[in-house]
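Structural overview
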Amino acid sequence: MASSLCFLVLYFLLLSLYVTQISRAEEDIVEEGILYIDGFSSIAKIDEDFICATLDWWPPSKCDYGTCSWGNASLLNLDLSNKVFFNAIRAFSPLTIRLGGTLQDRLIYQTKHDKQPCTPFLRDDTELLKFTQGCLPLSRWDELSEFFKKTGAKVTFGLNTLNGKKIASDGRTALGDWDSSNAASLIRYTVSRNYTIHGWELGNELNGNGIGPAISADQYAYDVIALHKLVQDIYKEKDVVPLILAPGGIFDAIWFPKFINKASNSLQVVTHHIYSVGGGNDPNLVQKILEPSHLDEESKYLQNLQGVLRNSGTSAVAWVGESGGVYNSGRNLVSNSFVSSFWYLDQIGMSATFDTKKYCRQTLVGGNYGLLNTTNFHPNPDYYGALLWHRLMGRNVLSTQFQGMKKLRSYAHCSKSSEGIALMLINMHGSTTVNISLSVTLANTNESPMLLQVTNDQNPRHGIEREEYHLTAKDGDLHSQTVLLNGKERNVDHFGRIPLLKPIRVNPSDPISIAPLSIVFVHIPTIQVPACSMSTREYM
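Residues numbered from 1 in each chain as written. Predicted model: local features only at pLDDT ≥ 70, side-chain atom pairs only at ≥ 80, totals over all residues. Heavy atoms only, no water.

Before going further, it helps to spend a moment on the overall build of the protein. Within the protein, the secondary structure is distributed over 12 helices and 27 strands. Within the protein, buried positions represent 56% of all 540 residues. For the protein, restricting intrachain contacts to residue pairs at least 6 apart in sequence, the fraction spanning at least 24 positions comes to 75%. Carbon and sulfur atoms make up 51% of the accessible area of the protein, which amounts to about 23300 Å² in all. (Helix = DSSP H or I, 4+ residues; strand = E, 2+ residues; numbered from the N terminus. Buried < 20%, exposed > 50% of the residue type's maximum accessible area, 1.4 Å probe, protein only. Contact = heavy atoms within 4.5 Å. Areas by Shrake-Rupley, 256 points an atom, 1.4 Å probe, with all protein chains shown as cover.)

Here we take up the sheet that holds strand S16 (residues 358–361). The strand order around the closed barrel formed by eight strands is S3-S4-S7-S10-S11-S12-S14-S16, and the pairing between neighbours is parallel. With direction set aside, neighbouring strand axes in the sheet form an average angle of 25°. Direction of pairing for strand S14 (residues 317–323) relative to S16: parallel, over a ladder of three bridges. Across the sheet, the residue bridging to Ser 323 is Arg 361, located in S16. (Pairing = 2+ DSSP bridges. Axes fitted to C-alpha atoms, helices over the stretch in contact; angles between N-to-C directions.)

The subject of this paragraph is the side chain of Gln 347. In this fold, Gln 347 is placed in helix H10 (residues 340–353). Take Gln 347: its relative accessible area is 3%, and that puts it in the buried class. Sequence-distant contacts of Gln 347, defined by excluding residues within four places in its chain, comprise Ile 274, Ser 276, Glu 298, Ser 323 and Tyr 359.

A separate point is the state of the cysteines. Using the criterion set out here, one finds four disulfides in the structure. With its sulfur 1.9 Å from that of its partner, Cys 63 forms a disulfide with Cys 68. Here the S-S torsion is close to 95°, and the disulfide linking Cys 63 with Cys 68 is therefore right-handed. In this structure Cys 63 comes out as partly exposed when scored by relative accessible area, which is 27%. With its sulfur 2.0 Å from that of its partner, Cys 414 forms a disulfide with Cys 532. Between Cys 414 and Cys 532, the S-S torsion sits near -90°, and that sign places the bridge as left-handed. With Cys 414 in strand S18 (residues 408–415) and Cys 532 in the loop between strand S27 (518–524) and helix H12 (534–539), this residue pair connects regions lying 118 residues apart in the sequence. As far as burial versus exposure is concerned, Cys 414 and Cys 532 are alike and both buried. Should the bonded cysteines of the protein be numbered as they appear in the sequence, the pairing reads 1-6, 2-3, 4-5, 7-8. (Disulfide = S-S within 2.5 Å.)

We now examine the packing of aromatic side chains. Taken as a whole and judged by the stated rule, the model has 21 aromatic pairs. Centre to centre, the rings of Phe 86 and Phe 147 are 6.2 Å apart; their planes meet at 70°, and the pair counts as edge-to-face. Residue Phe 86 is located in helix H2 (residues 83–90), and its partner Phe 147 is located in helix H3 (residues 138–151); the two are separated by 61 residues in the primary sequence. Pairing Tyr 344 with Tyr 359 gives two aromatic rings, centres 6.2 Å apart and planes at 55°, and the pair type is tilted. Of this pair, Tyr 344 sits in helix H10 while Tyr 359 is found in strand S16, placing the two residues 15 residues apart along the sequence. Taken together through their ring pairs, the aromatic side chains of Trp 57, Tyr 109, Trp 141, Phe 157 and Trp 200 make up a single cluster. (Phe/Tyr/Trp six-rings, centres within 6.5 Å; stacked < 30°, edge-to-face > 60°.)

So this is what it looks like as structure tokens:
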């Protein structure tokens, strides 16, 4: 009996050792890859302040799937005295902030002569969009405007497009012209107080594929033309006139061309919304986030919208006006955790390659998809990725092609504030490290392309190190809300200050190593390409 017991103990010890060795072997998988970069010319150009975030009107009673995740994140009750919140916006200098969302089309604006009480939104399932009409007090607009001025934010404001319209008997179609009188009052007040608005946007997801009423393309264009005339009139004595943005909806291949063709002379920015991962109750969110083929589906909408803009002959540009990945307020410990960075940063990179000028994350704070924690405003992991992008990735977008593992995503730009190029590399594989060498094309395709194999021996400026920023999840937990930068936790200090984001410095001859389930930003000052010359940056 004793010998049998010893045999079993020995068997399980050997089995455990074998499993451990197999596990380690899987963890130690390393693959080589080559990243080809076309350095002759850029394929797109983004705005200097490409990173944008939204603030919404949803009250605490906004609930999805039995979870009420908005707390006091509404523009009507957001704590504007919080130091972390202030510093998080200031860190971008500037951050574009879009004020809007579903309830903007149920919002009225207090005027100086109003005698009716200015009341907030209340939940009522019998009302349009399931909430009563809400009101923005002028005193609150003053507070918000002063706050944004102090933070240096660039603000776009979403106006109520349903004002004056009637809902047809089908319960779906919104009929009639936009009543601009209430909006005109707010805009005139804003100008009288010298508040700076970057753009006025008309409507939220009312183009036929949204969650509420639908407005025809012809009627929407007519309303935008009316807004443009109104803004031109009110700002006629001003040196800078705000942009006109619309329609703030999900892309539709039939509706969008009709609308853009009719409104093109009055429209500077075409805004569209993206929620490509799934609903907050989808059990497969993580699998979708880490699957490149699923993420690639969004590229057809980005490409189709650019095609519509080119064919219309309009000078209007495209923005992603709202994108939270996971719709219906996101999903706790998914869209506010480290795993969210894989879809978010990939979609930022992808949108830039399709000449999208700005990308607005839903939300800055609020719901389960905020860049900041809804309760204490401390940054979630996506915030740090957005801040690194903002500081490193310049306006000119370069074409890349990666030869190697399919779950490695790569994006390259001219460096934002110094010489060289900047890369964003995303490893979605759970057990494979990728070592990347670079090959850069320095001539156009009509000539014999010259390739720069980036090694010390071939680069006369080899003494200059490259800078790397490696983002990983704390304890390897994809659902962690704490991010590690180069192995160290990033947290605000007791003064509410955003931590410094310092790189590690690496010999430029070494391959770029990207660990499993990690994201790496790289600044390489030694690579000088025609697309990133000062004259090219300025005039392209």
